[in-house]
Amino acid sequence: MYKMIMKSLVPTVVVLITLVVSRMQAFVSVGGNGNTHVTITGSAVMAKIREVCEAVAESEGREFNPTGSSPEELLRACLGTATGEVSGAKFRTALNQIYMQNGFVDRDFMDSAPHHFNNEAFAEGRNLIIQGIAAIKANVRTDNLISARETLGRVCHTLQDFYSHSNWVELGNKSPYVNLIRPDLNIENIADVAMPTCSDCASGTCPNQLLSAILNGKYLTSGYMGLFSSYKPQGKCSHGGETDLSSTQNPRGGISKDERLSHNAVLHNNAVNLASEATLELLEDIRGAVGNKDYLRLMGIARSAVLAFVIDTTGSMSNDIAEAKRVAFNIIDSKKGTQDEPSEYILVPFNDPGFGPLIRTTDPDIMKSEISKLNAEGGEDIPEMCLSGLQLALTGAPSSSHIYVFTDAPPKDTYLEKTITALIRSTKSTLNFFITTSSRRRRALKAGPAFKVYFDVALASGGQAIEVPKSSLSQATDIIVDTSTSALVTILQRSRDPGRVESFSFLLDHSVSNTTIYITGSGLTFNLRSPTGVSQSNSVSNGPLGTIQKVGNLQRIQLNETELGLWHIDMMTTQSYTIKVTGQSAISFIYDFVEEFKGPHPGYAVIDGRPSAGLPAKLLLTLTGEKGPEVLEVHEVALMEVSGVKGSNGTIEKMGGGDFLVTVKEVPEGEFVVLLKGKDKTFSSLFQRQTTTQMSQSKVTVKAIADSSMLPGQVFKLNFTVTTNGSGGTYTIRARNDKTMPMTHPLTLSLQSGGSAQGTVSLTPPAETVSGTDVTLTIEAEGPGGSDSNYAVIRLSVLSKVTDLTPPKCEIVDVQGTCYASSCSSSNWELSVNITDSNGTGIESISIQQGSGNLTQKEEGDTVMGLYEASCCSTSVTLSAVDKVGNVGRCSYTIKSSAGSRLITMSLPLWTSLLLYVFLRDAFPL
């Protein structure tokens, strides 16, 4: 674990270092000020994002000029010039998924030698990297971006530890060890287990303990780490440090370069620089395999709106399906070319007994085609498999998605309700239901109780459950247009059951536009008041403050204008109701509940599940705005009861770069949300934002750790642990996966109060499972009597065994054209290449990684012949050739803008680079 690093890790991203600083603080040593792996990872990630954004802008013929140094301004410049608000929340969320998993390695695999390249576990550590890279590429190909990000974070940690924990730097190496990320190369010259490697260092601060035989023979070794035992093989180096028990045994001391200390400053700095370069090489390999645009999606560079439909296709749903088609087509057509255009489309049909499949695409025409194929048929016994369809949507959609459900029947699969709630809390997604039962069916179902589960899960997610006649459905679906938009924020949300006379206030700031208020319930009366005292009652459809649209149990109020200041909604009813106020704004925040962990590199890690009862709640919160977080202040963070009036304020610790650690000592007993208030210093405007996902505490915890992929057709076993600080007794265990793969698990576990018990889930992916398939496993533990429960949500990947380890070979065979700097637009040049994948899996794709020209391809047997043509205004090109398992070969060329003068640069598999350079030098002399 790197604790201190040089400020100039990657000079090209100095302007973006604020993001890196913010995330690295999530894993600093408790009470310390040092940096971590996350700094190295963040610097490399941001540098590569900037490079790819520039390449994409060049290919699209547009300028790439961020207006400032913040990640949010980089995001806007990368997305282009389309009109509309841009929110950095999902970008930050995607990056956090990488950074958090990077830090988890120190918590979950603290004593694993391969994960840290300790104990000379070089082959095992390299295998973790190679398998991880293969999983990342397969996940991106199958659009499972969350799994890809999480794996990337873990792989980066292990890769970087090689340079801190081994003697690679001491051996005089000035470049990263490419063999760590190349599956066709092996680690060489490892010191034998019986070979002494270090001399004794009583002080523990010797500048170099390595034996001359190791240095002269260029043998690779790493320090032994003893967290629980002082044993190490005779004569071997230790890792070193207070927590390493092995460092007390001869030879004492240690060769770790985790911290920059007086005796190892130069070694530490070199290790950090090599770890940074190695991370960039890893990211470049992934970029080459997946292409520029999918690489940016992997990094969270995408418009924030996602359109996700879960649609009942039973016989009575023909009108509802027609309305879903109309709304989807309207959104696709009307928002095309704007920042509100969805970045992804998701469709999950359900019937009885079938449901699915999940259809996910970034192509609006494919979405249109798939919705057009839906037909209403079957479903004779009324209840349908709605929650099963929802499970697919929640596990397939990106985090914080809005999902829209169309149905006229209650769920048959109510046993999934707790799984759905767990997935809502894990993904922070919002569910909106359109319930369109006829009067005859409603009488048969006795109305409300049959549909209660929809209202409960909608409330848990912060969404709406809208009951509406089929004839009025088109009026209710305006909410889809409202919420399938970029930069959507929630300003206030509350629920009252039973209702009571109460006044609710909410603050509108300078950045908010398109403010909309949703109030659901029957027989409601209310009054809306502006900051200047103007009022409008619910009986006035078109008034001085806004337009009120009533449909079913929903009243939708669109404000005429966003008057700055404190607004009020005065509710005057005893009927149950929900209130939600939304708008569009670049000012937003994301958060995770975290817990402190101990060990050699203690820090904070995200809690998977509900936070523990009886302890202060800790939140890691990230603030984002149009110009970045530097112009924003946080004044208050509180946990607010959704159905009550109590709130608990937290103490706020500023951590830099828009990050804050919030500690709340007295957590509300029931369901709560997070409320943030602050100030935009640019306009001296106060603002408030609120989360929608409801959370609560639990005395039960469920923990499971997965760090390997599943193989098709083979049993995969995952251990999990259930712990309770509440009642002892028999705990019910439920485990479900979203792909209905065969699985077994214990039905119960016996726990004592304050104790724990372990169980095992066994899954068997079918032999025909596509490599890269993402499986979401939910494990729930419920205490005696059902009074308390908790869950863990684990993402697993299925990865076929890779046997093709050699990248394609790209050979430049001809260059034509002469470029003149004075008139680049009137001249062109072209490059001819031959690409082969001898004895491999075959060429999957050839793409332009950098350059704004055109590429044409022609297959000749096992060879693909490519012709790249470009204007002389674009003088550089990199072509990326990818085989069917993600191995990457490249050709790069730069032509000088002067008569008869050309410069060639190559980026090919290392074993061919030198020979090809000599050939090209002779063929095309400078």
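Residues numbered from 1 in each chain as written. Predicted model: local features only at pLDDT ≥ 70, side-chain atom pairs only at ≥ 80, totals over all residues. Heavy atoms only, no water.

**Some words on the overall build of the protein chain**
Alright, step 1. Helix and strand counts for the protein chain come out as 19 helices and 40 strands.
Alright, step 2. Its C-alpha atoms give the protein chain a radius of gyration of 29 Å, near enough to 29 Å, the size a compact globule of 926 residues would have.
Alright, step 3. Once the C-alpha set of the protein chain is aligned to its principal axes, its extents read approximately 85 × 75 × 60 Å.
Alright, step 4. Of the roughly 35,300 Å² of accessible surface on the protein chain, 50% is carried by carbon and sulfur atoms. (Helix = DSSP H or I, 4+ residues; strand = E, 2+ residues; numbered from the N terminus. Rg over C-alpha atoms; globule rule 2.2 N^0.38 Å. Areas by Shrake-Rupley, 256 points an atom, 1.4 Å probe, with all protein chains shown as cover.)

**A few points about the pairing of strand 27 (residues 729-737)**
Alright, step 1. Here 4 bridges tie strand 27 to strand 29 (residues 748-751), and the two strands are oriented antiparallel to one another. Across the sheet, the residue bridging to Tyr-731 is Leu-749, located in strand 29. (Pairing = 2+ DSSP bridges.)

**Some words on the packing of helix 6 (residues 122-141) against helix 7 (residues 145-165)**
Alright, step 1. The interhelical angle for the contact between helix 6 and helix 7, taken along N-to-C directions, is 155°, at an axis separation of 9 Å. Relative to helix 7, helix 6 is oriented roughly antiparallel. In this structure, helix 6 crosses over helix 7, and the sense of that crossing is left-handed. Contact residues: Phe-122, Gly-125, Leu-128, Ile-129, Gly-132, Ile-133, Ile-136, Asn-139 and Val-140 in helix 6; Leu-145, Ser-147, Ala-148, Thr-151, Leu-152, Val-155, Thr-158, Leu-159 and Phe-162 in helix 7.
Alright, step 2. Residues of the contact of helix 6 with helix 7, tallied by class, amount to 12 nonpolar, 6 polar and no charged. (Axes fitted to C-alpha atoms, helices over the stretch in contact; angles between N-to-C directions. Parallel < 35°, antiparallel > 145°, perpendicular 65-115°, else oblique. Left-handed = near helix turned anticlockwise from the far one by under 90°. Contact = heavy atoms within 4.5 Å. Nonpolar A, V, L, I, M, F, W, Y, C, P; charged D, E, K, R; others polar.)

**A word on the pairing of strand 16 (residues 588-597)**
Alright, step 1. In terms of burial, strand 16 is largely enclosed, as 7 of its 10 residues are buried.
Alright, step 2. Pairing of strand 16 with strand 17 (residues 603-606), which is carried by 4 bridges, proceeds in the antiparallel orientation. The residue of strand 17 that forms the bridge with Val-594 is Val-606.
Alright, step 3. Hairpin connection, strand 16 to strand 17: the antiparallel pair is bridged by 5 residues, and Gly-599 has positive phi, about 125°. (Buried < 20%, exposed > 50% of the residue type's maximum accessible area, 1.4 Å probe, protein only.)

**A word on the sheet that holds strand 21 (residues 651-656)**
Alright, step 1. With antiparallel pairing, the 5 strands of this open sheet are ordered in space as 17-16-18-22-21. The two strands at the open ends of the sheet, each matched to only one other strand, are strand 17 and strand 21. Each strand axis lies, on average, 35° off the axis of its neighbour in the sheet, ignoring direction.
Alright, step 2. Seen against the sheet, helix 4 (residues 89-108) touches strand 16, strand 17 and strand 18 (617-624) and runs at an angle of roughly 10° to strand 16.

**Quick notes on the environment of Ala-308**
Alright, step 1. With respect to the secondary-structure elements, Ala-308 resides in strand 1 (residues 306-312).
Alright, step 2. The exposure class of Ala-308 is buried, given its relative accessible area of 0%.
Alright, step 3. In this structure the C-alpha to C-alpha distance between Ala-308 and Ala-265, which are 43 residues apart in sequence, comes to 52 Å.
Alright, step 4. Contact partners of Ala-308, with chain neighbours within four places excluded, come to Ile-346, His-402, Ile-403 and Tyr-404.

**Observations regarding the sheet that holds strand 25 (residues 700-704)**
Alright, step 1. Spatial strand order, 25-26-30-28: 4 strands in an open sheet with antiparallel pairing. Every other strand in the sheet has two partners, leaving strand 25 and strand 28 (743-744) as the edge strands with one partner each.
Alright, step 2. Looking at chain direction, strand 26 (residues 716-724) and strand 30 (residues 756-763) are connected through 8 bridges and run antiparallel. Looking at strand 30, one finds that Thr-723 is bridged to Ser-756.

**Remarks on the nonpolar core**
Alright, step 1. One finds Ile-49 and Tyr-163 to be the most contacted residues of the largest nonpolar core, which totals 61 residues.
Alright, step 2. Those elements that place two or more of their residues in this core are helix 2 (37-59), helix 3 (71-79), helix 4, helix 6, helix 7, helix 9 (265-290) and helix 10 (292-298).
Alright, step 3. If you tally residues by element for this core, the top one is helix 9, at 11 residues.
Alright, step 4. Listed in part, the 53 residues of the second largest apolar core include Val-306, Ala-422, Val-637 and Val-793. (Core = buried A, V, L, I, M, F, W, Y, C linked by side-chain atoms within 4.5 Å.)

**Brief notes about empty space enclosed by the protein**
Alright, step 1. One pass over the structure, following the stated rule, counts 4 cavities of 30 Å³ or more.
Alright, step 2. Around the largest cavity, the lining is made up of 26 residues, and of these Leu-145, Arg-149, Glu-344, Pro-398 and Ser-399 lie nearest the centre.
Alright, step 3. Secondary-structure elements contributing two or more residues to the lining of the largest cavity are helix 4, helix 7 and helix 13 (386-396).
Alright, step 4. Considering only residue class, the lining of the largest cavity consists of 7 nonpolar, 10 polar and 9 charged.
Alright, step 5. Looking at the second largest cavity, it is lined by 10 residues, and the ones nearest its centre are Asp-106, Met-110, His-116, Pro-600 and His-601.
Alright, step 6. Its residues assigned to classes, the lining of the second largest cavity comprises 4 nonpolar, 5 polar and 1 charged. (1 Å grid on protein atoms, 1.4 Å probe; cavity = no way out; pocket = protein on both sides within 12 Å on 5 of 7 lines; lining within 4 Å. Points joined across faces, edges and corners; volume = space filled by probe spheres on them.)

**With respect to helix 6**
Alright, step 1. With 20 residues, helix 6 should cover 28 Å at 1.5 Å per step; its first-to-last C-alpha distance of 29 Å lies within 8% of that length.
Alright, step 2. Within helix 6, 14 of the 20 residues are buried, leaving the element largely enclosed by the surrounding structure.
Alright, step 3. Asp-143 sits one or two positions beyond helix 6 and adopts a positive phi of about 70°. (Expected span 1.5 Å × (residues − 1).)

**Here we look at the pattern of salt bridges**
Alright, step 1. Tallied over the entire structure, the rule returns 46 salt bridges.
Alright, step 2. Residue Lys-48 is joined to Glu-284 by a salt bridge in which the shortest nitrogen-to-oxygen separation is 2.8 Å. With a gap of 236 residues between them, Lys-48 in helix 2 and Glu-284 in helix 9 connect regions that are remote in the sequence.
Alright, step 3. Of the charged contacts, one joins Arg-556 and Asp-482 as a salt bridge, the two residues approaching to 2.6 Å between their closest N and O atoms. Of this pair, Arg-556 sits in strand 13 (residues 554-559) while Asp-482 sits in helix 18 (residues 478-483), and the two are 74 residues apart along the sequence. (Salt bridge = Lys/Arg side-chain N within 4 Å of Asp/Glu carboxyl O.)

**With respect to the side chain of Thr-313**
Alright, step 1. Residue placement: Thr-313 occurs in the loop between strand 1 and helix 11 (318-334).
Alright, step 2. If we skip the residues at most four places from it in the chain, Thr-313 touches Ile-321, Pro-349, Phe-350, Asn-351, Leu-374, Asn-375, Ala-376 and Glu-377.

**Considerations on the confidence of the model for the protein chain**
Alright, step 1. When the pLDDT values of the protein chain are averaged, the result is 88; 92% of them are 70 or greater.
Alright, step 2. Contacts of residues 3-34 to residues separated by more than four positions or lying in other chains number 95 contacts, the stretch itself having pLDDT below 50.
Alright, step 3. Contacts for the low-pLDDT stretch residues 899-926, under 50 throughout, to residues beyond four places or in other chains number 52 contacts. (pLDDT = per-residue confidence, 0-100.)

**Section: the packing of helix 2 against helix 7**
Alright, step 1. As a packed pair, helix 2 and helix 7 sit with axes 10 Å apart at the nearest point and diverge in direction by 110°. For the element pair helix 2 / helix 7, the angle class is roughly perpendicular. Across from His-37, Ile-40 and Thr-41 in helix 2, the residues of helix 7 making contact are Cys-156, His-157, Gln-160 and Asp-161.
Alright, step 2. Per-class residue counts for the contact of helix 2 with helix 7 are 2 nonpolar, 4 polar and 1 charged.

**Re the state of the cysteines**
Alright, step 1. Inspection of every chain in the model, using the stated rule, returns 6 disulfides.
Alright, step 2. Here Cys-53 connects covalently by a disulfide to Cys-78, the sulfurs 2.0 Å from one another. Across the S-S bond linking Cys-53 and Cys-78, the dihedral sits near -95°, which makes this disulfide left-handed. Here Cys-78 lies in helix 3 and Cys-53 lies in helix 2, a separation of 25 residues in the sequence.
Alright, step 3. Judged by relative accessible area, which is 0%, Cys-53 ranks as buried.
Alright, step 4. Exposure remark for Cys-78: the relative accessible area of 5% places this residue in the buried category.
Alright, step 5. With its bonded cysteines labelled in order along the sequence, the protein chain shows the pairing 1-2, 3-6, 4-5, 7-12, 8-10, 9-11.
Alright, step 6. Free cysteine Cys-156: the closest other cysteine sulfur is in Cys-53, separated by 18 Å. (Disulfide = S-S within 2.5 Å.)

**As for the packing of aromatic side chains**
Alright, step 1. Per the stated rule, a full pass over the model turns up 19 aromatic pairs.
Alright, step 2. Taking the centre distance of 6.1 Å and the plane angle of 75° together, the rings of Phe-122 and Phe-162 count as edge-to-face. Of this pair, Phe-122 sits in helix 6 while Phe-162 sits in helix 7, placing them 40 residues apart in sequence.
Alright, step 3. Ring geometry for Trp-829 against Tyr-893: centres 5.6 Å apart, planes inclined by 35°, an arrangement best described as tilted. One end of the pair, Trp-829, is in strand 34 (residues 828-836); the other, Tyr-893, is in strand 39 (residues 888-898), with 64 residues separating them in the sequence. Exposure class is identical for Trp-829 and Tyr-893. Each is buried.
Alright, step 4. A network of ring pairs unites the aromatic residues Phe-117, Phe-122, Phe-162, Tyr-163, Trp-168 and Tyr-177 as a single cluster.
Alright, step 5. In this structure, Lys-368 is placed above the aromatic ring of Phe-329, and the distance from its NZ or CZ to the ring centre is 5.6 Å.
Alright, step 6. Positioned above the aromatic ring of Tyr-591, the side-chain terminus of Lys-428 is 4.9 Å from the ring centre. (Phe/Tyr/Trp six-rings, centres within 6.5 Å; stacked < 30°, edge-to-face > 60°. Lys NZ or Arg CZ within 6 Å of the ring centre and 35° of its normal.)

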